[in-house]
Structures are given as structure tokens and as C-alpha cells.
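# Fold and geometry: a report
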Amino acid sequence: MSRLKRVLIAGTGPAAIQLAVMLKNRMNCCVAVAGRESVRSEPFFAAVHDSGRRIRVDVQNDKHRQLEGECFVDDVFHGYGTVSGEWDTVILSVTTDAYLDVLKQLGEQRLKQVECIVLISPTFGSNSLIRRYMNRIRADAEIISFSTYLGDTRRLEDKPPSHVITTGVKRKVYIGSTNAQSPNVDRLCKLYEQAGIAVEVMRSPIEAETRNISLYVHPPLFMNEFSLDVVFGRTASKKYVYKLFPEGPITPQLIRDMRTAWKEITGVIERLNMKGVNLLQFMTDDNYPVRTESLPRRDIENFVHLEPIHQEYLLYIRYASLLIDPFSEPDREGKYFDFSAVPLRQTFVNKEGYWDIPRMPKEDYYRIKIIQGIARYVDVSCPTIDKFIAAYERKLEEAAQALKGERLSDAFVIQSFEEDIKMICSAIEAGLI
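Residues numbered from 1 in each chain as written. Predicted model: local features only at pLDDT ≥ 70, side-chain atom pairs only at ≥ 80, totals over all residues. Heavy atoms only, no water.

Under the annotation held in an unreviewed UniProt entry, the protein carries the name Opine metallophore biosynthesis dehydrogenase and is attributed to Paenibacillus thailandensis.

The strand order β4-β3-β10-β9 describes an open sheet built from four strands, whose pairing is mixed. Looking at strand neighbours, the two that pair on one side only are β4 (69-72) and β9 (151-155), the edges of this open sheet. The average undirected angle you get between the axes of adjacent strands in this sheet is 25 degrees. Where helix α1 (residues 14-27) meets the sheet, it contacts β3 (54-59), β4, β9 and β10 (163-169), and its direction lies at approximately 80 degrees from that of β4. (Pairing = 2+ DSSP bridges. Helix = DSSP H or I, 4+ residues; strand = E, 2+ residues; numbered from the N terminus. Axes fitted to C-alpha atoms, helices over the stretch in contact; angles between N-to-C directions. Contact = heavy atoms within 4.5 Å.)

Before going further, it helps to spend a moment on unusual backbone geometry. In this chain, Phe-245 is followed by Pro-246 through a cis amide linkage whose omega measures 10 degrees. Position of Pro-246 relative to the elements: it lies in the loop between α9 (225-231) and α10 (252-271). The amide bond that connects Met-360 to the next residue, Pro-361, takes the cis arrangement and shows omega of 25 degrees. Take Pro-361: it is sitting in helix α14 (residues 359-377). Positive phi outside glycine occurs at Arg-53, with the angle close to 70 degrees. If you trace the backbone, Arg-53 turns up in the loop between α2 (42-50) and β3. Overall, the relative accessible area of 36% leaves Arg-53 in the partly exposed class. At Asn-273, a position not held by glycine, the phi torsion is positive, near 65 degrees. (Buried < 20%, exposed > 50% of the residue type's maximum accessible area, 1.4 Å probe, protein only.)

So, about the packing of α1 against helix α6 (residues 183-194). It is at 11 Å that the axes of α1 and α6 come closest, and there the two elements cross at 100 degrees. Of the possible angle classes, the one that applies to α1 and α6 is roughly perpendicular. Of the residues in α6, those in contact with Leu-19, Met-22, Leu-23, Arg-26 and Met-27 of α1 are Arg-187, Leu-191, Tyr-192 and Gln-194. Here the residues of the contact of α1 with α6 sort into six nonpolar, one polar and two charged. (Parallel < 35°, antiparallel > 145°, perpendicular 65-115°, else oblique. Nonpolar A, V, L, I, M, F, W, Y, C, P; charged D, E, K, R; others polar.)

Formed by 100 residues in total, the largest nonpolar core has its most connected members in Met-134 and Tyr-216. A per-element tally of this core places α10 first, with eight residues. The residues contacting Met-134, other than those within four sequence positions of it, are Leu-111, Ile-117, Ala-139, Ala-141 and Ile-143. Residues Leu-19, Val-57, Val-164 and Cys-189 belong to the second largest nonpolar core, which totals 44 residues. (Core = buried A, V, L, I, M, F, W, Y, C linked by side-chain atoms within 4.5 Å.)

Scanning all chains against the criterion turns up 27 salt bridges. Between Lys-395 and Asp-229 there is a salt bridge; the shortest N-O distance is 2.6 Å. Here the residue Lys-395 occupies a position in helix α15 (residues 383-402), and Asp-229 occupies one in helix α9, the gap between them amounting to 166 residues. We note a salt bridge from Asp-285 to Arg-297, for which the minimum N-O separation is 2.6 Å. Remark: Arg-297 occurs in helix α12 (residues 297-301) and Asp-285 occurs in helix α11 (residues 279-285); sequence separation between them is twelve residues. Taking the relative accessible area as the measure of exposure, Asp-285 reaches 26% and is therefore partly exposed. Here Arg-297 falls in the partly exposed class, since its relative accessible area comes to 35%. Here the residues in one salt-bridge network are Glu-225, Asp-229, Arg-234, Arg-394, Lys-395 and Glu-398, joined through shared partners. (Salt bridge = Lys/Arg side-chain N within 4 Å of Asp/Glu carboxyl O.)

Below, the structure is given as C-alpha cells:
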């Protein structure tokens, strides 16, 4: 049965606001937003209270006008433990490492009333983790995984945190459900397609989760000595994520690591009887395209069959071609938009007064540790992934020592994520993928 009538969105970030506006205005859902009690979330709750529960989304590009709008949410819950009422659908718009914590705070009795849980930006294995937990508490719900969030939504500096802007939109996302026939998936696909986003339905949720580009590019881009020195404050000058060395981390060795890590993840995917991705095609067709003069179509489509050195050459060309936006209009001096100028962010003191690590690579640490755990379970060697984790954890230890005596967030603690890995692997063992 298709519900998606009474929807509780867990999370108070920009993505949660965008989703709430879509569900309210396009599907006429009853929508509530819940978030944890924290110094960081307090401005959101205050803004929503002051505006009478009004939220708003602007768009940067006129062709994404279908995503803009404003609405009044039906309820707001300050703390997951304060949620009341019956909700047929829960949308998790929080970081993947927080999924279990949020569900536990919502409580077993409430979850047993839920018919559908939607994971907006999960990682490899998230659906299996949630499915195992729901089975453990004897709660029966459809669990849907998207491959990734629909685009890039952020706060506006001069506006309250209940007013956000969507600056970029994915060309295509993937979706998978624990139910073979799912009216809920059909409704979500229609919602996204109305916004101009193509959606491909996969045979299983974990297959959709393998189509998240962050799995393949974030670890090599962030978990290398160059980037980590910037993140942890050892480099004084500004550096950029997607630029070539010395402005950024991209070198032939980084590209080599990107290729070998992709092969290791592909090995895990294939061990689970699924089809891996053509990395170059995934990058260009589903994410950011480049001109055919830079990457001929035949090279993109035949990428998986080429020799390793040829693959690395093409990946390097791809990043070199995106130093500027190749489809932007040049100015009078012939300069194109500086597409690659995304700064590597440094450790900072958060609103709670603790030293913290930027979302990238903090979130990627969880993602890659989960992949490492699954790889070990299915007996797939992953030396490149091991290298990324070792480099990151070494920097964590050094940073924690350098900040000894300061207030540090949990992000500075080396973690095993053992409970999550065990639950995912037990779900794989039980065929719950």
C-alpha cells in the first residue's frame, strides 16, 4: 500500500528543508521535522518558531525552478525523544553514522507504527544495517535507499537557517527498496522526475547504495598526506579539493589510488553478486560531464576494458578537464568559471566549543571503515582502502596529541564502528541485502 501521507523528516539541515518543501508542495503530505537538541540546531528551531513554522527554498539556476518554494511544516520536534503522533514514513536526512542513534531515540514503539523508512544519502550497507535493527526490535517496515541526495543545498549567509538555496542538482540518482513491488518507490520517482531528475530503480537497496560517487572519489581526494596536512592545519596557504598539485592534491599517484580503490570496491560488489560501476562513465554521465574533445565517448564506454595505465590517464584527463566548467561562458578575457576552486576546509571550533573535523573527511571515515569491514567479511583484499584509513587515523592521533588539553569532539577518536559492521555483515549472511 502506498502511504507517504504523514512524513517525519529526521534532520534539520538544508537537505531536510528541501525535501520538506517538495513533499509538502508537490505531494501534499503532512510533514514534520525533528532534530537533535544541540547548539548547532538551536538557530534552526528558533527561526522556524519565529516564522510560524515557515521554511523556504531558493534555487541558483532557473532551470531548477521546480525545486523552489516555501511552505508551513505541520510540526517541529526539538529532540527526537519529543516526537509525538503517528507517522507512516520516516525520512533519515542525517549523516549515515547517526542512523541507528536517531532510530533508537525515536523508540521501538514508534518505529513499530512506521511503514516506510527512506535513507536519503546512505552508504554501502546502510539499508542492511537498518533492516537488521528493525528485525531485531520486531518492526516491519519497507526500507528505501537512494544512492545520494538529489543535489547541493546550502544555507544562505544573510538568511535564517530555515531559508536555504539549492545550487546544483544531480542529473540522475538511483533507488532501491526492500519491497520488490513498491508504490512508495513509484511515488518518489515521480516526485524526483517532476524536478527534472532521472531515477533508475535498482534490484536491491544495496545496489542503489553502490551508486554514490562519494564512495569512489572522496577517500583518495581527502585521505592523502597533502589533503590531511591542510585539514589538520599543517599547511598555511589555501588549497583546493579538485585542483592539480600543487594547488590541490591531484597527482598521478592519487589517480592510481583512486583507480585501485575503485577496483577493490568493485571486488566487494561482485562478491555480493552485483554489477560494479564503470567509474569514468559514472563520473561523466551521472555527475559532471566534460566535452567530448577531452574524453571521447568510446573511451568512456570502454573504460572497464582498458589497461590500468590507460584508465589512470583518462581519469587524470577528466579532472584536468574540470579545472574550469567546460560548459560555462567565458568572460571577455576568455576565462571560464573556476569550477575546481572548492577549498579544503580545516579543523575548527564548533558551536558547542569543541574542536571538530570538517564533514569531509569526517563522514568519509565512517563510509570507508564500513566498506573495509564488509571487504574483510567477504574475503576481498583492499590494501588501498587500508592505506587511506591508516593515513587518516595516523593524522587523528597526531592532531589529538597536538590539541591535548583542548576540548575535542568525538571525531578525533579512532573508531571501529564494530556494532554497525557486525549488523551489516549478519544481514548479508541472512540475505537481507
